[in-house]
Amino acid sequence: MKNIYRIVFTLAVFTLLFTPEKNVYAKKKGESITMAGSTTVLPIAQKTAEVFMNKNPDVNISVRGGGSSVGVAAIIDGTVDIGNSSRPIQTKELALGRSKGRILKEIPIARDGIAVIVHKDNPVENLSLEQLRDIFTGKIANWKELGGKNMPIVVVSRDTSSGTFEIFKEKVLKNAKVKDQAIMTAANQAVLTTVMDTPGAIGYVGIGFVSDDIKVLSINGIKASKDSVIKGTYPVSRKLYMYVNGEPQGLVKRYIDFVLSEEGQSIVEEIGYVRVK
Amino acid sequence: MKNFFIKKSMIYVLLGFLFASQSIFAGETKVAGEIWTRYTLSSVTNFSKHNIKQSSSEIARGYLTFQPKLSDMMSGRFTIDVISAYSSGKSAFLKYAYLTWQTPVPDLFVDIGLAKNMFGMLHTWDYTVIEKDLVDRLGYLASADMGVQIYGFIPMGFGNYSIGMSHGEGYKKDDTAKLSLFPAYMADLNLIPLPGVSIGGSYLYDYVGSGGITNKIGKTHKYLMTAYVKLSGFNFVTLYGQYLQREQRTATNTSVAPVGQPKMNEHYMTMLVLNFYSLLEQQLELVGKVDYDKSTEESLKKGKPDGKILVTAGINYTFDAAKIQLNYTQQMSEVLDPKKSGYFATTHQIDLQLVWKFSSKIVD
């Protein structure tokens, strides 16, 4: 029996020895915030974190992307303080969170329009929602059918862990399948670059990502803009969220309050999104 | 239908199909792999060199998984069990091969194929200890089987449910002579009335035996029932409790068929997990688990009880995509004797395991 104790003791000592120092001397709770999730929310999280850290030099905020699904999974697992998402949480995620004792609180921090973008030399200006759906499902395959050049349409979409994709699928595709030959990308920036470099391309990004290097199309005669999102006239808009476990407290509450403050919401606007307050 | 071992050429075709799917289907395929490397030291009564039964290292498990997104409503999963294939001498061994279809009903899904058995905590068991889930450890039900599962989630995250039909023999069964005559039917309900409180129960019925359907002698009606509870709180502690009962009725002659003398097995499991992430910001867990396999009446009548208690203590440390697990398990067996009755330690085992995983998403 003594041998067992010896072995267990030795292994326990080894475990402690190999435990990184920060395990034992962990940072005091409240000095740091970790965030992960949506690449659409990422610019807001990064900029607000930067300003918040400048105001509070002793605070460290770590921000990662990964997509909305990653952000929601991380807050459920308790490995981040804030999970960022560009879509509302799903029922199965709620169930998983509840089973782990998490009471996930949804905090809308901004509104966003999903801008439909094409190459800047594309002469087409406007599409109806139906035409957009037909393009992404493959029924319309050439710009000529829409009054444009005789040029094949290259569809650029987001992958399924993206909240932007979820919203686009729901609001534009009505849950239809994206055409088989579509190019699926992992981030807003990748959509932007692909469309910028491909004359026949069409894609979609959060309005915060829109730049002069591409052309934004009107949908049903309405262009994605802050005004149209605020007025509720633009058909492809959504809220952006930060998810926390329970009522925010301590440093997390201070940061969330900052994001929702006049200053935080001004940052949201500066970046190109629409304020919720 | 029951033989899941397939020839090497078939595997090449399937893998080729999956890779080719990148050009056939728009979307993405998740490719993942995991390897479980384990050292085991076990002994009778104590760890003195005379009593060591086993001191060995092995690759205990190895899986290669492809999860193609076939459409917005349909996805697939295809998992090759590399180690079982190697140890069985087969060229390939499938663990999972199923399609998941998202029905038009919100939060309702259908799995078709060689899929997870949704019974008790079997399909959610995440190996906090190295040992398998209770029903799997006892060999009452395999973790995967050929069949159809319909499952869904209760609105607002108040739980989940499933009903399913499978062969009931498990994905490893290769002996066609002993295969089930009829499908196994199962149902599972898991309620989460409060955050951190999960209460569930499952039921399975299977009719097994060989020698044709009309011959009832030797055929067995198998009933599996389980009730379980999981309590999580303070981002720190999780407590599991489970009761499992198996009842088998085998027809011994035609006059008593189809129901013969019942044979009952009862098992209990409780497990406490302490997760130190909220304190240390590192994924460090301490685990304690007790399994109690009650002696069957049959064994007690013979004076040779088969009751067992398994006590497991463990440490888990997860970093990046790897997890180190150290488990110590003591098995105690029941003894009925005028001189000494009770549970006495019979074996001790130490397992040290490294599990590492990788996954990558291929997008078109």
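Calculation rules
- Residues numbered from 1 in each chain as written.
- Chains lettered and ligands numbered in written order.
- Predicted model: local features only at pLDDT ≥ 70, side-chain atom pairs only at ≥ 80, totals over all residues.
- Heavy atoms only, no water.
- Helix = DSSP H or I, 4+ residues; strand = E, 2+ residues; numbered from the N terminus.
- Buried < 20%, exposed > 50% of the residue type's maximum accessible area, 1.4 Å probe, protein only.
- Contact = heavy atoms within 4.5 Å.
- Areas by Shrake-Rupley, 256 points an atom, 1.4 Å probe, with all protein chains shown as cover.
- Expected span 1.5 Å × (residues − 1).
- Pairing = 2+ DSSP bridges.
- Core = buried A, V, L, I, M, F, W, Y, C linked by side-chain atoms within 4.5 Å.
- Domains from an automatic or database assignment.
- pLDDT = per-residue confidence, 0-100.
- Patch = residues over 30% accessible without salt bridge, like charges linked within 9 Å, V, L, I, M, F, W, Y side chains within 5 Å.
- Salt bridge = Lys/Arg side-chain N within 4 Å of Asp/Glu carboxyl O.
- Buried area = accessible area lost by both parts, 1.4 Å probe.
- Polar contact = N/O pair within 3.5 Å; in protein donor to acceptor, adjacent residues only side chain to side chain.
- Axes fitted to C-alpha atoms, helices over the stretch in contact; angles between N-to-C directions.
- Parallel < 35°, antiparallel > 145°, perpendicular 65-115°, else oblique.
- Left-handed = near helix turned anticlockwise from the far one by under 90°.
- Nonpolar A, V, L, I, M, F, W, Y, C, P; charged D, E, K, R; others polar.

### Let's talk about the overall build of chain A
No. 1: When helices and strands are counted, chain A shows 11 helices and 11 strands.
No. 2: Counting over 277 residues, chain A shows a buried share of 50%.
No. 3: Long-range contacts, defined here as pairs at least 24 residues apart, represent 74% of the contacts in chain A between residues at least 6 apart.
No. 4: For chain A, the accessible surface area stands at approximately 12,100 Å², while carbon and sulfur atoms represent 53% of it.

### Structural notes on the overall build of chain B
No. 1: What chain B contains, in helices and strands, is 5 helices and 16 strands.
No. 2: Look at the contacts in chain B between residues 6 or more apart in sequence, and 54% of them connect residues 24 or more apart.
No. 3: Counting only carbon and sulfur atoms, one obtains 63% of the accessible surface of chain B, whose full area is about 17,400 Å².

### What about helix α3 (residues 42-55) of chain A?
No. 1: For α3 of chain A, with 14 residues, the first-to-last C-alpha span of 20 Å sits near the 20 Å given by 1.5 Å per residue.
No. 2: Within α3 of chain A the residues assigned to the buried category are L42, I44, A45, T48, A49, V51 and F52 of chain A.

### Description of the pairing of strand β6 (residues 144-154) of chain B
Residues and elements named next belong to chain B.
No. 1: Here 9 bridges tie strand β5 (residues 108-116) to β6, and the two strands are oriented antiparallel to one another. Bridge pairing links L114 to M146 in β6.
No. 2: In terms of strand pairing, β6 meets strand β7 (residues 159-166) through 8 bridges, oriented antiparallel. For G152, the partnering residue across the bridge sits in β7 and is Y161.
No. 3: Hairpin geometry of β6 and β7 is characterised by an intervening segment of 4 residues between the two adjacent antiparallel strands and by a positive phi of about 70° at M156.

### Side note on the nonpolar core
No. 1: Counting residues in hydrophobic clusters, the biggest one holds 71 residues, and the most contacted among them are I202 and Y255 of chain A.
No. 2: If one sorts the elements of this core by residue count, strand β4 (residues 104-119) of chain A sits on top with 8 residues.
No. 3: Among the domains, domain 1 (2-111 + 240-271) and domain 2 (112-237) of chain A are the pair contributing at least three residues each to this core.
No. 4: Every residue in contact with Y255 of chain A, bar those within four places of it in the chain, is listed here: I33, M35, A45, T48, A49, F52, I61, I82 and M242 of chain A.
No. 5: Listed in part, the 24 residues of the second largest apolar core include W36, L122, L134 and M186 of chain B.

### Describing the confidence of the model for chain A
No. 1: Chain-level statistics for chain A give a pLDDT mean of 86 and a share of 89% at 70 or above.
No. 2: Counting contacts from residues 15-30 of chain A, a segment whose pLDDT is below 50, to residues more than four positions away or on other chains yields 15 contacts.

### Structural notes on a nonpolar patch on the surface
Residues and elements named next belong to chain B.
No. 1: Nonpolar side chains collect at one region of the surface, where Y39, F319, I324, L352, L354, W356 and F358 lie side by side and expose about 570 Å² of accessible area between them.
No. 2: Counting residues per element, the nonpolar patch draws most heavily on strand β16 (residues 342-363), at 4 residues.
No. 3: Inspection of the secondary structure assignment puts L352 in strand β16.
No. 4: Exposure remark for L352: the relative accessible area of 35% places this residue in the partly exposed category.

### Some words on the domain arrangement of chain A
Residue and element names in this part refer to chain A.
No. 1: You can read the domains of chain A as domain 1 (2-111 + 240-271) and domain 2 (112-237).
No. 2: Here domain 1 packs against domain 2, burying approximately 1,100 Å² in sum over the two surfaces, 49% of which is carbon and sulfur.
No. 3: On the domain 1 side of the interface with domain 2, the three residues burying the most area are T39, T40 and R111, jointly 44% of the side's total.
No. 4: At the boundary of domain 1 with domain 2, the tally comes to 0 salt bridges.
No. 5: Linking domain 1 to domain 2 there are 5 residue pairs in polar contact (both at pLDDT 80 or more).
No. 6: Where the side of domain 1 that touches domain 2 is concerned, the elements lending two or more residues are α4 (68-77), β4 and α11 (262-271).

### A word on the side chain of H119 of chain A
All names here are of chain A.
No. 1: Secondary-structure assignment places H119 in strand β4.
No. 2: Judged by relative accessible area, H119 falls into the buried class, the value being 11%.
No. 3: Leaving out residues up to four positions away in the same chain, H119 has contacts with V195, M196, T198, P199, A201 and K215.

### Topic: unusual backbone geometry
All names here are of chain B.
No. 1: A positive phi is found at Y127, a non-glycine position, where the angle reads about 55°.
No. 2: Along the chain, Y127 turns up in the loop between β5 and α3 (134-137).
No. 3: Located in the positive-phi region is M156, a residue other than glycine, with phi close to 70°.
No. 4: When you line up the elements, M156 lands in the loop between β6 and β7.

### Some remarks on the packing of α3 of chain A against α11 of chain A
All names here are of chain A.
No. 1: Across the interface, α3 lies against α11 with an axial gap of 10 Å and an inter-helix angle of 140°. Judged by the angle between their axes, α3 and α11 are oblique. Considering the relative orientation of α3 and α11, their crossing is right-handed. Along the contact surface, α3 presents P43, I44, K47, T48, V51 and K55, while α11 presents E263, G264, I267, V268 and I271.
No. 2: In the contact of α3 with α11, the residues fall into 6 nonpolar, 2 polar and 3 charged.

### Focus: the packing of helix α10 (residues 250-260) of chain A against α11 of chain A
All names here are of chain A.
No. 1: Here α10 crosses α11 at 60°, and the two axes come no closer than 4 Å. The orientation of α10 with respect to α11, classified from their angle, is oblique. When α10 is examined against α11, the residues F258, V259 and L260 are found in contact with a partner set consisting of E262, E263, G264, Q265 and I267.
No. 2: Taken together, the residues of the contact of α10 with α11 break down into 4 nonpolar, 2 polar and 2 charged.

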